Amino acid sequence: MSESQTVLDLTVGLGGHAEALLAAGVGRVIGVDRDREALSGATERLAPYGDRFVGVHGRFSEVERIVRETGTRATNAALYDLGVSSMHLDQPERGFSYRSEGPLDMRMGHEGTTARDVVNTYPEDELARVIRQYGEERFSGRIAGAIVRARERGPIETTAELAAVVASAVPKKRGGPHPARRTFQAIRIEVNRELEELSVSLPQTIELLAPGGRLVVISYHSLEDRIVKRFVAGEERLRSLTKKPIRPSAAEMARNARARAAKLRAAEKEAA
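All values derive from a computational prediction rather than experimental measurement.

K.L.:
Break down the nonpolar core for me, with residues and values.
P.N.:
Ranked by internal contacts, the top residues of the largest apolar core, which has 36 residues, are Ile-143, Ile-147, Ile-156, Leu-162 and Ile-187. It is helix α7 (residues 140-152) that provides the largest number of residues to this core, a total of 6 residues. Excluding anything up to four places from it in sequence, Ile-147 contacts Val-119, Leu-127, Ile-131, Ile-156, Leu-162 and Val-165. Listed in part, the 24 residues of the second largest apolar core include Ile-30, Phe-60, Val-67 and Leu-238.

Below, the structure written as structure tokens:
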């Protein structure tokens, strides 16, 4: 990367990737995030880089419009780091974690439907669909039934309450992942419309890439990875740079357990 190049960081979070890119000599990074708190943190962190960092609030599905509004005609690379951020998981009040007590929220921004709304208002069959489709959970029907029975006694208000209801509905498995992991993933995806946002965003991002520009996507579960894989294969302007997704090394997973599920795919936009 060079000082003349612009990179689009579509999940800027607290600015870790953006800082690494700027430190490596990238001329300009446009950081997009739907979470105003995260964007504020990134802007503060990257203040030493001056106008080389531009922070923009918005969703994936708005990317072409909001980037054009910065006066940018084309970018040389675009990066997605999908899924929930460590910042969200580490803040119990955001309601993402089944391991800590917090309100049932799970919104990556601060607008729209909450996890509490999903858990307490969706019909049983719709809950089962969400948990099965987005969590790939084989006990989705049992979990949905347990949630409906629990909420008949009163609204499910906290992450701890929901985790306990889910745990009561599935067989116990010693040493395995938390029984609520897939259900929390599913509800989070539903709340934030994550798969729809990604599907709408990818074609817009390709329009923003200059010829020779690179698309890099880091995903954390098969549903996201499948969308990216199919998009790259079906987009005639893209040449895949990764026949198989790149996985983190053992050393990286030892340093950061949350990276263990990561898959990276990259593609290059060919000249017209």
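K.L.:
Describe helix α11 (residues 222-234), and please don't skip the residues or the numbers.
P.N.:
In a regular helix each residue adds 1.5 Å, so 13 residues correspond to 18 Å; α11 covers 18 Å between its end C-alpha atoms and thus fits that length. Among all positions in α11, only Leu-223, Glu-224, Asp-225, Val-228, Phe-231 and Val-232 are buried. Residues of α11 that are buried sit in contact with α6 (124-135), α10 (194-208), β5 (209-219), β6 (238-240) and β7 (263-269).

K.L.:
Requested: an account of the packing of α10 against α11, with residues and values cited.
P.N.:
For the pair α10 and α11, the least separation of the axes is 10 Å and the interaxial angle reads 25 degrees. Taken together, the axes of α10 and α11 are roughly parallel relative to one another. Judged by the twist between their axes, the crossing of α10 over α11 is right-handed. Between α10 and α11, the contacting residues are Glu-194, Leu-195, Leu-198, Ser-199, Leu-202, Pro-203 and Ile-206 on the first element and Leu-223, Glu-224, Ile-227, Val-228 and Phe-231 on the second.

K.L.:
So what about the packing of aromatic side chains? Which residues, and what values?
P.N.:
Considering all chains together, one arrives at 2 aromatic pairs under this definition. For the ring pair Phe-60 and Tyr-80, a centre distance of 5.2 Å and an interplane angle of 80 degrees mean the geometry is edge-to-face. One end of the pair, Phe-60, is in the loop between β3 (53-57) and α3 (63-68); the other, Tyr-80, is in strand β4 (residues 75-81), and 20 residues separate them in sequence. Tyr-80 matches Phe-60 in its accessibility class, with the two residues each being buried. Consider the rings of Tyr-98 and Phe-184, whose centres lie 5.6 Å apart with planes at 80 degrees: the pair is edge-to-face. Of this pair, Tyr-98 sits in the loop between α4 (86-89) and α5 (115-121) while Phe-184 sits in helix α9 (residues 181-192), and the two are 86 residues apart along the sequence. For Tyr-98, a relative accessible area of 19% corresponds to the buried category. With relative accessibility at 3%, the residue Phe-184 sits in the buried group.

K.L.:
Summarise the sheet that holds β4; cite the residues concerned and give the values.
P.N.:
Where strands meet in a sheet, backbone hydrogen bonds hold them as pairs that are either parallel or antiparallel. The sheet built from 7 strands is open, its strands ordered β3-β2-β1-β4-β5-β7-β6 with mixed pairing. Looking at strand neighbours, the two that pair on one side only are β3 and β6, the edges of this open sheet. Averaged over all adjacent pairs, the angle separating strand axes in this sheet is 20 degrees, with direction ignored. This element, helix α2 (residues 36-45), spans β2 (28-33) and β3 of the sheet and lies at about 170 degrees to β3.

K.L.:
Could you give an account of the pairing of β7, with specific residues and numbers?
P.N.:
Of all 7 residues in β7, 5 are buried, a share of seventy percent or more. Sheet analysis places β5 next to β7, joined by 6 bridges and oriented antiparallel. Residue pairing in the sheet places Arg-214 in a bridge with Glu-268 of β7. Pairing between β6 and β7: 3 bridges, direction antiparallel. Its bridge partner lying in β7, Leu-238 is registered against Lys-269.

K.L.:
Run through the pairing of β2, naming residues and quoting values.
P.N.:
Within β2, 5 of the 6 residues are buried, leaving the element largely enclosed by the surrounding structure. For the segment spanning strand β1 (residues 6-9), helix α1 (residues 16-23) and β2, crossover handedness is right-handed. Chirality of the crossover, the property in question, places the unit of β2, α2 and β3 among those that are right-handed.

K.L.:
Break down the pattern of salt bridges for me, citing the residues and quoting the values.
P.N.:
Scanning the model with the defined rule gives 20 salt bridges in all. Of the charged contacts in the structure, one is a salt bridge between Arg-116 and Glu-157, with a shortest N-O distance of 2.6 Å. With Arg-116 in helix α5 and Glu-157 in the loop between α7 and α8 (159-169), this pair connects stretches of sequence that are 41 residues apart. Linked by salt bridges that have partners in common, Arg-214, Arg-239, Glu-268 and Glu-270 make up one network.

K.L.:
Can you break down the side chain of Asp-225 residue by residue, with the values?
P.N.:
Its place among the elements puts Asp-225 in helix α11. A residue is classified by how much of its surface remains accessible, and Asp-225, at 7% relative accessible area, is buried. A polar atom in the side chain of Asp-225 sits 2.6 Å from the side chain of Arg-265.

The rules behind the values
- Residues numbered from 1 in each chain as written.
- Predicted model: local features only at pLDDT ≥ 70, side-chain atom pairs only at ≥ 80, totals over all residues.
- Heavy atoms only, no water.
- Core = buried A, V, L, I, M, F, W, Y, C linked by side-chain atoms within 4.5 Å.
- Buried < 20%, exposed > 50% of the residue type's maximum accessible area, 1.4 Å probe, protein only.
- Helix = DSSP H or I, 4+ residues; strand = E, 2+ residues; numbered from the N terminus.
- Contact = heavy atoms within 4.5 Å.
- Expected span 1.5 Å × (residues − 1).
- Axes fitted to C-alpha atoms, helices over the stretch in contact; angles between N-to-C directions.
- Parallel < 35°, antiparallel > 145°, perpendicular 65-115°, else oblique.
- Left-handed = near helix turned anticlockwise from the far one by under 90°.
- Phe/Tyr/Trp six-rings, centres within 6.5 Å; stacked < 30°, edge-to-face > 60°.
- Pairing = 2+ DSSP bridges.
- Right-handed = clockwise from strand over helix to strand, strands pointing away.
- Salt bridge = Lys/Arg side-chain N within 4 Å of Asp/Glu carboxyl O.
- Polar contact = N/O pair within 3.5 Å; in protein donor to acceptor, adjacent residues only side chain to side chain.

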